[in-house]
Amino acid sequence: MKTIITDSPEEAAAILNAGNIVAFPTETVYGLGAGICHPDAVSKIFIAKERPSDNPLIVHVADVDQIGDVAAELNEHAKKLVERFFPGPLTLVLRKNPHIPVSVTAGLDTVGVRCPSNPIAHEFLRRACCPVAAPSANISGVPSSTNWETVYKDLAGKISCILRGNPSEIGLESTIVDCSGPVPLLLRTGAVTLEQLQDVVPETIPAPHTEKSTPPKSPGLKYPHYAPEASIVLIRHGEPVTAAPQSAYIGRGETPEGVAVTKKCRSLEEYGRELFSFFRQCDAEGIRVIYCELPENRGLGRAIRDRLQRAAGEH
Ligand code: TXA
Ligand code: MG
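Residues numbered from 1 in each chain as written. Chains lettered and ligands numbered in written order. Predicted model: local features only at pLDDT ≥ 70, side-chain atom pairs only at ≥ 80, totals over all residues. Heavy atoms only, no water.

1. Comments concerning the sheet that holds strand β15 (residues 289–293)
Hydrogen bonds along the backbone pair up the strands of a sheet, which may run parallel or antiparallel.
Here comes step 1: An order of β12-β15-β13-β14 is seen for the four strands of this open sheet, with the pairing classed as parallel. Among the strands making up the open sheet, the edge pair consists of β12 (231–235) and β14 (261–264). Across the sheet, the axes of successive neighbouring strands diverge by a mean angle of 15°, strand direction being ignored.
Here comes step 2: Note: strand β13 (residues 247–251) against β15, four bridges, orientation parallel. Counted as the bridge partner of Ser-247 is Val-289 from β15.
Here comes step 3: Set on the sheet, helix α9 (residues 268–284) makes contact with β12, β13, β14 and β15; between it and β13 the angle comes to about 165°. (Pairing = 2+ DSSP bridges. Helix = DSSP H or I, 4+ residues; strand = E, 2+ residues; numbered from the N terminus. Axes fitted to C-alpha atoms, helices over the stretch in contact; angles between N-to-C directions. Contact = heavy atoms within 4.5 Å.)

2. A word on the state of the cysteines
Here comes step 1: Per the counting criterion, the structure on display carries one disulfide.
Here comes step 2: With a sulfur-sulfur separation of 2.2 Å, Cys-37 is cross-linked through a disulfide to Cys-130. On the S-S bond that ties Cys-37 to Cys-130, the torsion sits near -70°, and the link is left-handed. One end of the pair, Cys-37, is in the loop between β3 (31–35) and α2 (39–49); the other, Cys-130, is in the loop between α6 (119–127) and β7 (132–134), and 93 residues separate them in sequence.
Here comes step 3: Taking relative accessible area as the criterion, Cys-130 reaches 8% and is therefore assigned buried.
Here comes step 4: With no disulfide partner, Cys-179 has as its closest neighbouring cysteine sulfur the one in Cys-115, 15 Å distant.
Here comes step 5: Free of any disulfide, Cys-282 has its nearest neighbouring cysteine sulfur in Cys-292, separated by 8.1 Å. (Disulfide = S-S within 2.5 Å. Buried < 20%, exposed > 50% of the residue type's maximum accessible area, 1.4 Å probe, protein only.)

3. Some words on the site of ligand 1
Here comes step 1: Lining the immediate surroundings of ligand 1 are 28 residues, of which Thr-28, Asn-55, His-60, Ser-174 and Gly-220 lie closest.
Here comes step 2: In this structure, Arg-114 approaches ligand 1 through a side-chain N or O atom, which is 3.0 Å from an oxygen atom.
Here comes step 3: Residue Arg-188 places a side-chain N or O atom 2.9 Å away from an oxygen atom belonging to ligand 1.
Here comes step 4: Across the complex, the protein chains shield 98% of the 680 Å² of accessible surface that ligand 1 would expose by itself.
Here comes step 5: Secondary structure elements with two or more residues in the shell around ligand 1: β4 (58–60), β6 (110–114) and β10 (185–188).
Here comes step 6: With four residues, β6 is the single largest residue contributor to the shell around ligand 1. (Near = heavy atom within 4 Å. Polar contact = N/O pair within 3.5 Å; in protein donor to acceptor, adjacent residues only side chain to side chain. Areas by Shrake-Rupley, 256 points an atom, 1.4 Å probe, with all protein chains shown as cover.)

Shown next as structure tokens:
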């Protein structure tokens, strides 16, 4: 299959509307989309990404008015979170509208809904004939793509089109909050922090860890994620390191002596933005060990820690 690369949201939407799958930029990471009115195209996403079929997709809407096409009525908590954080890097899990194809929700009675703030994503979604189901645009298990070049590397020849935009401003996947029950549960951390969520809905809590035997609240979180080929070593700020050969460092601290590749970040925002592309750069350069500063467990640091700990195989 030839993969068309375009800068035109209109052209990309026309390709999607014809029943094809299209990668597009968002402020979190790049997505790989199919119109939910094209269930065959939704199936193509799972094949292109080599994604297990029991892992549901997030449905992307152009604006808040479109939420009603995807979800059943919003409860009070969901309404408050939509009002404060949409459009933006937040996904809400809501009771689904019955006409959503089962392949999108992997048979769950809920659906993840997100309204991206990226202007190119907005133009693309506005021109799509229906809401767009989209996971991150990467082969399952490897770090999410935060620029169109890595989408191309993973998926060229397997998808119909890449809508080219700038690198993702945030670089970490959206925060996911399950609003389908009486208490909002934080399922995945992201740029909308737990503290910000609790400012709007104080009842919000991190989802309790589920037992291995019960179905996880967020099916995707049971799969290995974000892992580069290099091994990840987590280090606390200021902790001394004796660098291994062919190693790299990312973080805000002092670069350990002897590492071959370094990404010094001036802020947590920069750390989040650069993390996945740095993992991919290290793999391309044959790095064997990546030392990563482990930030404190608050604010955006919570999301970066989560990705680092998963990459290191800690959960
Ligand atoms: O920032 C993002 O969220 C990006 C962009 C493209 O929007 N998308 C993304 O999708 O990260 P994906 O598929 O890589 O991760 C979505 C996660 C998976 O862990 C999936 O299991 C979970 O969301 N999820 C989707 N629908 C769900 C539902 N109804 N209930 C619980 N978890 C759900
Ligand atoms: Mg993903």
